[in-house]
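Spelled out, the chains give:
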Amino acid sequence: MTAPPATRDRGPDRDRDRDRGRGRDQGRGRGRDRDGEQGREDTPESGPVAPASRARGRERPAPAGAAPRLRISRLGVALWAAALLALAAYLWALSRVTPTALDRMGGLGLVSALPPVALVSACVLGVLFFLALNSAVARPGLQLFLLLAAVFALHGAAALVEPVPRFPTAYQHLGFVDYIERTGHTLPLWDARFSWPGFFGLVALLLRAGGVDNPLPVLRWSQVGSQLLCLAALAVLLRSLGLPRRTRWCALWFFVAASWVGQDYFSPQAFTYALYLAFLAVLLTAFRVPEDGRPRESGGRLERTLPLGLLTALFLAAVTAHQLTPFVMIAAAGLLRLTRRTTLSLWFAVLLAALAAGWISLAAEGFWSGHLDTIFGGLGQLGGNVSSGVADRVKGDPAHQAVLYLRVLLSGAWFGLAVLGWWRRRRAGHGERALLVLAFMPFFTLGMQSYGGEIALRVFLFALPGVAPLAACFFYPSTRRPRPGRAMSVSAAGWAVVAVAAFGVARYGNEQFERVTGGEITALGWVYQHDHPSARVLYLGPVGNPTTTPAIPWNQRGMDTIAYVGAAAPLDPADVASLETALGAAGPQSYLIVTSTEGADLTANDGYAADWYARARAALDTDPRMVPVVSVPDAALYRLAAPPPGPAPTDIGVGPVGPLVHWTGWTVAEAGLLAVLAPLLFWYEAVRLRTGAALARRARWGVPLLGAVLVGAFLLAVVERFLTLR
């Protein structure tokens, strides 16, 4: 009897094929989101999955190498269309702003000159960001577009509506760049910022290398550019902390909306702030302690030495460019080590402190020599420093006071939201010690000095890298619930509206006297062309403090030939006799500048009449002893009809060129000790990271003991120089 034909057994093959398919599906699910958020959120923008897709196994398989079909959801199209429409409406509204509207700006600043459509459109962009973030489908492209739109709308508003770049101090910084580019020297006795010339020298090098003759476009868009650089560094930092995807995106948007302090203009602070964020990103990426607490593999020599060298280079760049930022970097490195958030030792923080002390003692001698009381007078005066940074700044007319109170309340709201976010994140099982350090570590600067009354602003500025992520944790604390509830989603969108509206007033509330007019550029441009061998420009200040920082775009050129002298503005604008006397006392080739921004500054901050500028211009124009050299609606430049006799002086008293270093025996000792100490500590840290416990066993006491001796001797030399040359 013939046996029946044997049938092929496909059981094992079917099982193997099914397992392979399941592995591919699981691989796709894991590859969508590194934070563990799974489900429809991490699928392409295809909307709800149809029930028929469960029978995918019966469909004909796609050819090998075929591209997946692009599925576009109606919600995605609607969000993109709404985003583009809102941005277009914002740009259209800003294009309707006229110079007359800017001149009629009210006490709330730029917001009072913008059409309501602009504010509504900016708020809509914020709401759309959180609608896209809270949707079931991940839309990184749309979120990135809305994030950049927020940067452009919030930080580029003044650049879009004002005819010339804003903020008078930015023009002075161009003057530093101009002098260094022309002479290759610094003037440390003329201005303290010349003792930290790193930023100015770098810009001078870049402008010369690029052949840039007109740097004003750099000033115009410097705030937007600074924000983009900071966002790039902050994105790396947030990813290294292992925060959920939604939390990271929300933190980036919060950082943009909370950066109302206005220190991102063309300045050393903006440059070193970006360096600070890059420093934190490298510190917590290459040297972070893993979540499980287990030590990492040591890696090769270059793998550890290069990030350490990058950290040191970022710090050195900050040391040469700014007074305050390096100390915040040192505190961050030390506290992150004490809280066991970084694998670097405290000796690295000691290395950074030695480098900072060496620069101040040797390279910045022109700054501190003879001014030790000014520098260290506020050390430990916590109450006085806080008062000068908060209470003493709340003055002026009611509208200006409202702006200042809003800034205080807004800062407190962001810190309060950060505390609540930390609490919700902790309830979700995460401590976030690193974010706590970054958020509250800058408060130590309140005990250092008042920093010209701006220390409270700098505290909030340096706290933002920790405050923004912690505030985001309030709305998105963990990945256990992939999508926030409806109430939390509505709360996030509502807070976006509040943050955008408050930002407009807090950031641009001083725009009446922080903007720059074309008339000011014209008047000072005339002085720049007639400053040989020298010239003096009298600017207006309040009666009690006439030498306050000028509210004009001063010192853009001719820093070594033009002296700016403060003159007390009379409370009665018709009484200009005191201005004539001050102009005569200034000597030959002296000029008086009177601008609308000076009048706005006197009105907002010092209680002068609202029409003071118009009445002062009328009195000066009709005075036969005053001759207008330049006369435009928003600025005028005057000289005496009978100027003082004699030639103009050839030297305005800028002092010798720098750097200035008085070499004594202690100076040589300090330089020699720093030359030994810095390489030793860097070598010790690099070897310790590479060898780990092996170095601890071989040199448990030797290197640290030698380092302690060298540090003590170095500090002794520094203190001796301060006491000798004070």
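Residues numbered from 1 in each chain as written. Predicted model: local features only at pLDDT ≥ 70, side-chain atom pairs only at ≥ 80, totals over all residues. Heavy atoms only, no water.

(A) The arrangement of the environment of Trp-526 in detail. Mapping Trp-526 onto the fold places it in helix H24 (residues 518-528). With relative accessibility at 24%, the residue Trp-526 sits in the partly exposed group. When sequence neighbours within four positions are dropped, the list of residues in contact with Trp-526 reads Tyr-591, Val-629, Val-630 and Leu-637. (Helix = DSSP H or I, 4+ residues; strand = E, 2+ residues; numbered from the N terminus. Buried < 20%, exposed > 50% of the residue type's maximum accessible area, 1.4 Å probe, protein only. Contact = heavy atoms within 4.5 Å.)

(B) The pairing of strand E3 (residues 590-595), seen in detail. Taking burial as the measure, the six residues of E3 include six buried ones, the bulk of the element. Both faces of E3 are covered, namely the face carrying Ser-590, Leu-592 and Val-594 and the face carrying Tyr-591, Ile-593 and Thr-595. Examined bridge by bridge, strand E1 (residues 535-541) and E3 share three bridges and lie parallel to one another. Bridging from a neighbouring strand, Arg-536 pairs with Ser-590 of E3. Relative to strand E5 (residues 635-640), E3 runs antiparallel, the two sharing four bridges. The residue of E5 that forms the bridge with Val-594 is Ala-636. (Pairing = 2+ DSSP bridges.)

(C) Structural view of the pattern of salt bridges. The full count for this structure, using the stated rule, is 16 salt bridges. For Arg-515, the salt bridge is made with Asp-103, and the minimal N-O distance between the two is 2.8 Å. Here Arg-515 is found in the loop between helix H23 (511-514) and H24, whereas its partner Asp-103 is found in helix H3 (residues 99-103), with 412 residues between them in sequence. In this structure, Arg-615 and Asp-611 form a salt bridge, with 3.8 Å as the shortest nitrogen-oxygen distance. Judged by its relative accessible area of 39%, Asp-611 falls in the partly exposed class. A network of salt bridges, in which partner residues are shared, links Arg-166, Glu-511 and Glu-514. (Salt bridge = Lys/Arg side-chain N within 4 Å of Asp/Glu carboxyl O.)

(D) Structural view of the packing of helix H14 (residues 325-338) against helix H15 (residues 346-363). Where H14 meets H15, the closest approach of the two axes is 9 Å, and the angle between their N-to-C directions is 165°. The orientation of H14 with respect to H15, classified from their angle, is roughly antiparallel. Helix-helix and strand crossings are classified by hand; for H14 and H15 the assignment is left-handed. Together, Phe-327, Ile-330, Ala-333, Gly-334, Arg-337 and Leu-338 of H14 and Leu-346, Ala-349, Leu-352, Ala-353, Ala-356 and Ile-360 of H15 make up the contact between the two elements. Looking at side-chain class alone, the contact of H14 with H15 contains ten nonpolar, one polar and one charged residues. (Axes fitted to C-alpha atoms, helices over the stretch in contact; angles between N-to-C directions. Parallel < 35°, antiparallel > 145°, perpendicular 65-115°, else oblique. Left-handed = near helix turned anticlockwise from the far one by under 90°. Nonpolar A, V, L, I, M, F, W, Y, C, P; charged D, E, K, R; others polar.)

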